[in-house]
Every structure is written in C-alpha cells, then in structure tokens.
Amino acid sequence: MTWAVKFEDVSKRYRGGGPRYGSLRHDVTEGFKRFGQLFSRKRAEPDGTLALDGVSFEVEPGESFAIIGPNGAGKTTALKIISRISYPTSGRVRVRGRVGALIEVGSGVHPELTARENIWLYGRIFGMSKSEVARRFDEIVEFAELPHALDTPVKMYSSGMQLRLGFAIASHLDPDVFVVDEALAVGDAGFQAKCVERMTKLVGEGRTLLFVSHNLSAVEAICGRGIFLLDGRVQAAGAVREALRAYLDWVDDRERRRKAAGRPLVGRGLVVERVTVHDAAGGERYVFQSGEPLEIRFHVFAEQALSRPWFSVGVSDGRPGALILCSMLEGHEGFDLAPGRHVITCRIRSGECGSSGSARLERRGRHPGEAFRESGRTHRTDGTLDVGAGPGWSPVVS
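Owing to the predicted nature of the structure, the values given are computational and were not obtained by experimental measurement.

1. Focus on the nonpolar core
Phase 1: Within the largest apolar cluster, 48 residues are counted, with the highest numbers of intra-cluster contacts made by Leu165, Phe167 and Phe211.
Phase 2: Counting residues in each nonpolar core, the second largest holds 25 residues, with Val10, Val95, Val212 and Leu229 among its members.

2. A closer look at helix H5 (residues 159–172)
Phase 1: Taking 1.5 Å of rise per residue, the 14 residues of H5 would be expected to cover 20 Å, and the 20 Å separating its terminal C-alpha atoms lies within 8% of that figure.
Phase 2: Among the 14 residues of H5, 11 are classified as buried, and the element is accordingly described as predominantly covered.
Phase 3: Three or more residues of H5 are buried, namely Gln162, Leu163, Arg164, Leu165, Gly166, Phe167, Ala168, Ile169, Ala170, Ser171 and His172.
Phase 4: Looking at the buried residues of H5, the elements they touch are strand S5 (99–102), helix H3 (115–125), helix H4 (130–144), strand S6 (177–180) and helix H6 (189–204).

3. Considerations on the packing of aromatic side chains
In this description, a pair of aromatic rings is defined by centroid distance and the angle of the planes.
Phase 1: For the structure shown, the criterion picks out 11 aromatic pairs.
Phase 2: Measuring from centroid to centroid gives 5.3 Å for phenylalanine 57 and phenylalanine 65, while their planes differ by 10°, and the two rings are stacked.
Phase 3: Each ring, one from phenylalanine 167 and one from phenylalanine 178, has its centre 5.5 Å from the other, and the planes form 65°; the classification is edge-to-face. Of this pair, phenylalanine 167 sits in helix H5 while phenylalanine 178 is found in strand S6, placing the two residues 11 residues apart along the sequence. We note that phenylalanine 167, like phenylalanine 178, is buried.
Phase 4: Here the guanidinium or amino end of lysine 194 rests over the ring plane of phenylalanine 143, the centre of that ring lying 4.6 Å away.
Phase 5: For the cation-ring pair, arginine 285 lies above phenylalanine 288, with the distance from its terminal atom to the ring centre recorded as 4.5 Å.

4. Some details on the packing of H5 against H6
Think of two packed helices as two axes; the pair is described by the angle between the axes and how far apart they sit.
Phase 1: It is at 11 Å that the axes of H5 and H6 come closest, and there the two elements cross at 10°. In terms of axis orientation, H5 runs roughly parallel to H6. When H5 is examined against H6, the residues Leu163, Arg164, Phe167, Ser171 and His172 are found in contact with a partner set consisting of Phe191, Cys195, Arg198, Met199 and Leu202.
Phase 2: Looking at the contact of H5 with H6 residue by residue, the class counts come to six nonpolar, two polar and two charged.

5. Some thoughts on unusual backbone geometry
Comment: phi is negative for the bulk of residues other than glycine, and the bulk of peptide bonds are trans.
Phase 1: Of note in this structure, arginine 84 is not a glycine but carries a positive phi near 65°.
Phase 2: Tracing the backbone shows arginine 84 in the loop between helix H2 (75–82) and strand S4 (90–95).
Phase 3: At aspartate 231, a position not held by glycine, the phi torsion is positive, near 55°.
Phase 4: Checked against the element boundaries, aspartate 231 lands in the loop between strand S8 (225–230) and strand S9 (233–239).
Phase 5: According to the relative accessible area criterion, aspartate 231 is exposed, its value standing at 52%.

6. Looking at the confidence of the model for the protein chain
Phase 1: Per-residue confidence for the protein chain gives a mean pLDDT of 77; residues scoring 70 or more make up 78%.
Phase 2: The element-level mean pLDDT for the protein chain is lowest in strand S22 (residues 394–397), coming to 28, with S8 highest at 94.
Phase 3: pLDDT under 50 marks residues 352–398. Its contacts with residues more than four places away, or in other chains, come to 128 contacts.

7. With respect to the pattern of salt bridges
Phase 1: Applying the stated criterion to the full structure yields 18 salt bridges.
Phase 2: Measuring nitrogen to oxygen at the nearest pair gives 2.9 Å for the salt bridge that ties glutamate 8 to arginine 92. Note that glutamate 8 is positioned in strand S1 (residues 5–14) and arginine 92 in strand S4, a separation of 84 residues in sequence.
Phase 3: For glutamate 8, a relative accessible area of 22% puts it in the partly exposed group.
Phase 4: Here arginine 225 ties to glutamate 63 by a salt bridge, and the two come within 2.4 Å at their closest N and O atoms.

8. Digging into the sheet that holds S1
Phase 1: Strand order in the open sheet formed by three strands is S2-S1-S4, with antiparallel pairing between adjacent strands. The open sheet has two edge strands, strand S2 (49–59) and S4, and neither has a second partner. Looking at each pair of strands side by side, their axes are set apart by 25° on average, direction ignored.
Phase 2: Sheet topology places S1 next to S2; seven bridges connect them, and they run antiparallel. Of the residues in S2, the one forming a bridge with phenylalanine 7 is phenylalanine 57.
Phase 3: Where H2 meets the sheet, its contacts fall on S1, S2 and S4, and the angle it forms with S1 comes to roughly 115°.

9. A look at the sheet that holds S5
Phase 1: Strand order in this open sheet of six strands is S5-S6-S7-S3-S8-S9, and the pairing throughout is mixed. Since the sheet does not close on itself, it has two edges, and those belong to S5 and S9, each with one partner. With strand direction ignored, the average angle separating the axes of adjacent strands in the sheet is 15°.
Phase 2: For S6 and strand S7 (residues 208–211), the ladder comprises four bridges, and the chain directions are parallel. Opposite valine 179, over in S7, you have leucine 210 as the bridge partner.

10. Some details on H6
Phase 1: The end-to-end C-alpha separation of H6 is 23 Å, in line with the 22 Å expected for 16 residues at 1.5 Å each.
Phase 2: Of the positions making up H6, those classed as buried are Phe191, Cys195, Arg198, Met199, Leu202 and Val203. End-on, the buried residues of H6 take up no more than an arc of 135°, which puts them together on one face. In H6, the exposed positions that point more than 90 degrees away from the buried face belong to Ala189, Glu197 and Gly204.
Phase 3: The inward-facing, buried residues of H6 abut strand S3 (64–68), H4, H5, S6, S7 and helix H7 (216–222).
Phase 4: Glycine 206 occupies a position one or two residues after H6 and carries a positive phi of about 95°.

Conventions adopted
- Residues numbered from 1 in each chain as written.
- Predicted model: local features only at pLDDT ≥ 70, side-chain atom pairs only at ≥ 80, totals over all residues.
- Heavy atoms only, no water.
- Core = buried A, V, L, I, M, F, W, Y, C linked by side-chain atoms within 4.5 Å.
- Buried < 20%, exposed > 50% of the residue type's maximum accessible area, 1.4 Å probe, protein only.
- Helix = DSSP H or I, 4+ residues; strand = E, 2+ residues; numbered from the N terminus.
- Expected span 1.5 Å × (residues − 1).
- Contact = heavy atoms within 4.5 Å.
- Phe/Tyr/Trp six-rings, centres within 6.5 Å; stacked < 30°, edge-to-face > 60°.
- Lys NZ or Arg CZ within 6 Å of the ring centre and 35° of its normal.
- Axes fitted to C-alpha atoms, helices over the stretch in contact; angles between N-to-C directions.
- Parallel < 35°, antiparallel > 145°, perpendicular 65-115°, else oblique.
- Nonpolar A, V, L, I, M, F, W, Y, C, P; charged D, E, K, R; others polar.
- pLDDT = per-residue confidence, 0-100.
- Salt bridge = Lys/Arg side-chain N within 4 Å of Asp/Glu carboxyl O.
- Pairing = 2+ DSSP bridges.
- Arc of directions from axis to C-beta.

Listed below in structure tokens is the structure:
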C-alpha cells in the first residue's frame, strides 16, 4: 500500500525542569545524579512530558485524515513532527512530498515583512520559481481578501487577518501534504466556509490533508478516516465516524463521572441529588436510537414545603441552545412538593414527533397517587426535534 505520511511507533518527550540557560552549578549537580544512578538499582524516571507514546498510523496519498482528541492529547505535536518543526524522540516518521502547514495563527509568515514579501518568501522557501509564485500571487491575495493591506507589515494585522494570509499562502503554493490545526477557529464564519471549500478542493485534486479541529461537524464533513488521541496514545483508528464515536463516548463518560462525583445542585430549599435517564421499561440507559421513547428523572430532596417549583430539561450537543426542551415555565398551574424525597419524571414519547405531540412530567414521592401532565407541542425544524412547553398543566389522579 502506498502512503503519503507514515508514523511508526513514534514517541515524543519534551524535556522539563532545569534552568532555561545552562550553568556550571546545574551541570555539576546533574553529573553527580547520573553518577549515583550507576550504582543504584532503581531506574531513573525520564524527565519531561511524554506528548506522544508509540503512535502508529498511515495516511494514503489524496486522503483527508483527521486527528481528534481533547486538549493536550498530542495532536499538535504530531502535526509539528510531520512539518519538521519538531523531531520524534523515538520511532520513525516518513513524509512524501512538500508539506504546507498552518499550525497556529501567524505560522508561515514573518511579522516584520509585508504580505507581499511574505508570499514571495514562502514560495521561494518551498523551492518554487519566480514565475510559479507570480502565477499564483493574485489568487492568493484574492483568497486572503487583503488587497488593501498588501504592503502593510504583518505585525500590524489582527489575528484574523494573519490567519487569512497564512492559510491562503500555505494552501495555494501546491503542497503535496497540507496540515491544518485548530487555527481556523480564529476566522469568521465566511472565511471558515472558504477554508473548508479550499481543503475539499485540494483533496479532490489528489493532495493529502491532515486536519485537527474541535469542530466535529467539519471533521466529519471533510475527512474520511482518522484517529482519536488521548494522552499521547491512539485510542481508536479507522473511519472518521468510528473515531468520532470513540471520542464522544469518552467525553460522555468523563462528564458523567465528573457530575456523579460533584456536589448536589442546591437552591431555595430544593436539592437535585442526581439525574438519570431510562428507557420505556424503566431500565437506566444513556444511549438511545432515534425515535426511542425515554424518561429523564430528577431525584430531588425538598428541605421544606415548596409551592410550585419549576423544572426544565434540555438536550444539547454542546453548542448554544437546546435540541430538545421540555419546560414548565409556560402555561400551567404547577404543583407543590412536601418535605422529603421525590422523583420528577419527564417522558419523551416515540411516535409523537409530527405536527402535534406531548411530553409528560410526573412527580413521585410521598403522594404516589398524584401526577402532573403537560400537554405540549412538538414540531420539526431542519431535522431537529423541539419539544416545547405548552399550556394545560393539571394534576392527574391515578
């Protein structure tokens, strides 16, 4: 199988500790330490931070490949090694062709030079002839949208303008391997769309793309394969959806453990001890197929008698706003809670996601014979299900 980028058991350790500049005192101290370790049975622990630990993967020519993971996972380190900004501590990295990289804002541009001078300098460093750079010059300036600042030193640019210039230069000077880090997050929405379009075009022309981003929608749209890095190790590799699923599962598990170990939510005499999610049979679950009914249960403790407490539950994908919202803040009479423990249940039913439907909220506690129901409204907007609160909350005696 041919490859454009190949990692073979690559590890990278950044040295830590010690003075920034060498001194005789530090060198003598370190010398005695190493001399003492020769006669000690204990093996000395390596100094510094292990950013990558035995990472192996291959990227085929013309492939779009994603590297995803939380901050500090080793993603940028891997890209810096591919770009030859840094070198591995052990293992081997092989790259075929010319590499164009945008790893951080301002990368690939000199702050003291103008945009015009940077374009020529970058092209010459790439080994391109004057005629080749001249042929692409106008296209680079047009893409960066900086004709008005072409002869202004880059140090006078905003971070967004620096990003535009760096991406335009790196993506238009015929890189065989194009490396892009999270720096795109600095750009505005319009320029981000242009960047995605440009990266897709490069892949269509047979260029190889390595893409690092926390924008998972962009990752899924652009890339075909990828890896999930965690603490410098590959946790999942294969189709990009498999890598994304492994990453999201890890995020969900971390958040669940964090919230389970956290303090109860307390406010105005009501303590929310925990929140659980259940299927229609009552079993506790946290993974559901589209269309399945589910119950969200608030396990609460009322420190005193409470009149008409409000409950709302929403489902979000991490971005602002809720995908699903069931709320008691509109058009209902509410209910009272006696002192003690209660379970407030919000039921989202399947088969009721058309033009009308309902969400059911119940209270269980010292008075199990009473429940409260919401007659809600459900509708679809751009493929997203919104469960809105509706009027008509009233007690239901079972």
